[in-house]
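# Descriptive structure summary
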Amino acid sequence: MSDEAFVTLATNDGYAKGAMVLGCSLRDHHATRNLVALIGPHVTESCRQALRSIFDEVRLVDVMDSGDAAHLALMQRPDLGVTFTKLHCWTLTHYDKCVFMDADTMALSNIDELFEREELSAAPDPGWPDCFNSGVFVFRPSIETHEKLLTFCADNGSFDGGDQGVLNSFFNTWATADISKHLPFVYNLSSIAIYSYLPAFKHYGRDAKVVHFLGKTKPWCYAYDAQSGEVAGRPEGPDSGRLHPDYLQSWWRLFATSVMPLLQRAYGDAPFDSGVMQLGNDDKLHQYECGDQTAAVTSTAASAGVTTPPPISSEERKQRWEAGQIDYLGDDSFANIERKLDSFLK
Ligand code: UDP
Ligand code: MN
């Protein structure tokens, strides 16, 4: 249905990687609605190109540039920059109804049924269940609602400094008025909830529909060994290691299989730090930045395009490919596959 859409937001290349995985996860589960990515001006052209091949619509939102109510509100509250950008989703009035999903979420099954819900439907927040978590919510785009939200935000600020505080204060009857607006928890399952109530996770976790990598350390802050198919790096920081390993692994598998080829095509010959690497015997410590965190991984090479794995036979390469050990950065790179295809087609 073209009058309904899944919407996400990315203001930088890190969150853009998250958005790409989210978009692929929705496509893999045959989402029947349009996919929209709102992006900020700092998202690079290569990432925009990759996003455009996944999403139906990639729309630049620059609240500093807009000269409208959003700009004015932001002038009063520069601390709420990303929040204002997220509220922009209400301006998508060419859609009747939308489901917003944070760029750090991933669909585990088809979730089209969310469009049967009304604004504002969301799942409880694991930290304070009388608040909803704003990582997944159903809303109706409306310029009127957008303006009210901006005024509210500029006047009252946010009790948590982000969009969740503003939205909970604005839609303040969510907890009590209408139970149909409470999405089941499985539509926004975060690791924090998993670890704080493990028996419940064991009992209900198999029904999980959306996983949310809530918190400071995001999946793209880790690294992934394409050779073994394992998550390799572990960022330093207080809440690192708190992501559920199975979901983290699924995120990276999707990134390596569906997103990497798009990024390789977008970047061409230019090197880029994807987090996907080939770990070898030469245990060199590699450090890289993710937001304000530093991650450390041992590897021979840590960015795409600079790997020098030992040569292997074509038979061994085939075996590795069939075992899912695909050398995205070397022999099995998109450019090589394309060249092979071209030679067949000729
Ligand atoms: N976001 C963004 N850039 C940022 C921070 C946040 O694009 O620098 C967007 C992104 O869609 C993200 C959402 O805002 O998923 C909410 O932030 P985050 O997921 O980091 O918050 P958490 O869910 O961990 O509370
Ligand atoms: Mn989030």
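## Description of the overall build of the protein
Helix and strand counts for the protein stand at 11 helices and 15 strands. When the 346 residues of the protein are sorted by exposure, 52% land in the buried category. Long-range contacts, defined here as pairs at least 24 residues apart, represent 67% of the contacts in the protein between residues at least 6 apart. A total accessible area of about 16200 Å² is found for the protein, and carbon and sulfur atoms account for 51% of it.

## Observations regarding the nonpolar core
Phe6, Met20, Leu26, Phe255 and Leu263 are the most contacted members of the largest nonpolar core, which has 60 residues in total. In terms of residue count, helix H9 (residues 245-267) provides more of this core than any other element does, 12 residues in total. Discounting residues that sit within four places of it in the chain, leucine 26 has contacts with Phe6, Ala31, Leu35, Met101, Ala107 and Ile111. By size, the runner-up hydrophobic cluster in this structure holds 32 residues, among which are Val7, Val61, Cys98 and Leu150.

## Brief notes about the packing of aromatic side chains
For the coordinates displayed, the defined rule picks out 17 aromatic pairs. Seen from their ring centres, phenylalanine 137 and phenylalanine 139 are 5.6 Å apart, and the 55 degrees between their planes marks the pair as tilted. Here phenylalanine 137 falls in the buried class, since its relative accessible area comes to 0%. Between the aromatic rings of phenylalanine 152 and phenylalanine 170, the centroid separation amounts to 5.6 Å while the plane-to-plane angle is 80 degrees, which identifies the pairing as edge-to-face. Here the residue phenylalanine 152 occupies a position in helix H5 (residues 143-156), and phenylalanine 170 occupies one in helix H6 (residues 163-170), the gap between them amounting to 18 residues. You can call phenylalanine 152 partly exposed: its relative accessible area is 22%. Each residue in the set Trp90, Phe100, Phe137, Phe139, Phe152, Phe170 and Phe171 is aromatic and connected to the rest through ring pairs, giving one cluster.

## Details of the coordination of the manganese ion (ligand 2)
The manganese ion (ligand 2) binds to the protein through Asp102 (OD), Asp104 (OD), Asp104 (OD) and His212 (NE2), with metal-donor distances spanning 2.2 to 2.3 Å. Seen from the manganese ion (ligand 2), its 6 donor atoms lie at angles of 56 to 171 degrees, and the figure they make is irregular. Donor residues for the manganese ion (ligand 2) sit on one chain with the sequence pattern D-x1-D-x107-H. With aspartate 102 in the loop between strand S4 (97-101) and strand S5 (105-107) and histidine 212 in strand S9 (residues 210-212), this pair connects stretches of sequence that are 110 residues apart. This pair shows no difference in class: aspartate 102 is buried, exactly as histidine 212 is.

## Describing the sheet that holds S9
Strand order in the open sheet made by the 3 strands is S5-S9-S8, with mixed pairing throughout. Both edges of this open sheet fall to S5 and strand S8 (189-190), since each of them pairs with a single strand only. Contacts between H9 and the sheet are confined to S5, S8 and S9, with S5 contributing the most and set at about 80 degrees to the helix.

## Thoughts on the site of ligand 1
Near ligand 1 there are 13 residues, and of these Leu9, Thr11, Tyr15, Gly215 and Lys218 occur at the shortest range. At 2.5 Å, a side-chain N or O of tyrosine 15 approaches an oxygen atom of ligand 1. Lysine 218 places a side-chain nitrogen or oxygen 2.8 Å from an oxygen atom of ligand 1. Computed on the free molecule, ligand 1 has an accessible area of 510 Å², of which 77% lies beneath the protein chains in the complex.

## A closer look at the confidence of the model for the protein
A residue-level look at the protein finds 81% of positions with pLDDT of 70 or above and a mean pLDDT of 85. In this model, residues 281-286 is a region of pLDDT below 50 whose contacts with residues beyond four sequence positions or in other chains number 17 contacts. Low pLDDT (under 50) marks residues 298-309, which in the prediction has 31 contacts with non-local residues, meaning those over four places away or in another chain.

## A word on the sheet that holds strand S11 (residues 230-231)
If you walk across this open sheet you meet the 3 strands as S11-S10-S13, and the pairing is mixed. Looking along the sheet, the strands with just one partner apiece sit at the ends: S11 and strand S13 (276-277). By the bridge criterion, 2 bridges tie strand S10 (residues 224-225) to S13 in an arrangement that is parallel. Residue pairing in the sheet places aspartate 225 in a bridge with methionine 277 of S13.

## Comments concerning the pairing of strand S3 (residues 57-60)
Inspection of the sheet shows strand S2 (residues 34-39) paired to S3 by 4 bridges, in the parallel sense. Counted as the bridge partner of isoleucine 39 is leucine 60 from S3. For the crossover that starts at S2, traverses helix H2 (residues 45-52) and ends in the parallel S3, the hand is right-handed.

## Considering the pattern of salt bridges
A full pass over the atoms with the stated rule returns 12 salt bridges. We note a salt bridge from lysine 148 to glutamate 144, for which the minimum N-O separation is 3.3 Å. Residue lysine 148 and its partner glutamate 144 are both found in helix H5; the two are separated by 4 residues, about one turn of the helix. Judged by relative accessible area, which is 46%, lysine 148 ranks as partly exposed. Judged by its relative accessible area of 54%, glutamate 144 is exposed. When salt bridges with common partners are traced through the structure, they connect Asp96, Lys97, Glu118 and Arg140 into a single cluster.

Parameters and conventions
- Note on numbering: residues in each chain are counted from 1, in written sequence order.
- Chains carry letters and ligands carry numbers; both start at the beginning, A for chains and 1 for ligands, and go up in the order they are written.
- In keeping with the model being predicted, local features are shown solely for residues with a pLDDT of at least 70 and side-chain atom pairs are shown and tallied solely at 80 or more, while totals for entire chains, interfaces and linings include all residues.
- Side-chain numbers come from the whole structure's heavy atoms, not from hydrogens or water.
- Strands here mean DSSP runs of E at least two residues long; helices mean DSSP runs of H or I at least four residues long; both are numbered from the N terminus.
- Relative accessibility thresholds used throughout: buried, under 20% of the residue-type maximum; exposed, over 50%; partly exposed, between the two (1.4 Å probe, protein chains only).
- Residues count as neighbours in contact if any of their non-hydrogen atoms are within 4.5 Å of one another.
- To be clear on the numbers: accessible area is Shrake-Rupley with a 1.4 Å probe, and residue cover counts the displayed protein chains and nothing else.
- Residues belong to one nonpolar core when they are buried, are Ala, Val, Leu, Ile, Met, Phe, Trp, Tyr or Cys, and are joined through side-chain atoms within 4.5 Å.
- Whether two aromatic rings pair depends on their centres lying within 6.5 Å, for rings of Phe, Tyr and Trp, where Trp uses its six-membered ring; planes under 30 degrees apart make the pair stacked, over 60 edge-to-face, and the rest tilted.
- Only nitrogen, oxygen and sulfur atoms qualify as donors, and only when within 2.8 Å of the metal (3.2 Å in the case of Na, K and Ca); with water excluded, sites may look incomplete.
- Note on geometry labels: four donors, all angles 85 to 135 degrees, give tetrahedral; four donors become square planar and six octahedral when opposite donors are over 155 degrees apart and every other angle is between 65 and 115; remaining cases are irregular.
- A pair of strands is treated as paired once DSSP finds two or more bridges between them.
- Axes here mean lines fitted to C-alpha atoms, for a helix over just the part in contact, with angles spanning 0 to 180 degrees between N-to-C directions.
- Here a residue is near a molecule or strand as soon as one of its heavy atoms is found within 4 Å of it.
- For this analysis, a polar contact is any N or O atom pair within 3.5 Å, provided that within protein one partner can donate a hydrogen and the other can accept it, and provided that sequence-adjacent residues contribute only side-chain to side-chain pairs.
- pLDDT is a residue-level measure of predictor confidence that goes from 0 to 100.
- Handedness is read with the strands pointing away from the viewer; a crossover is right-handed when the path from the first strand over the helix to the second is clockwise.
- Definition used for salt bridges: Asp or Glu carboxyl oxygen within 4 Å of a side-chain nitrogen of Lys or Arg.

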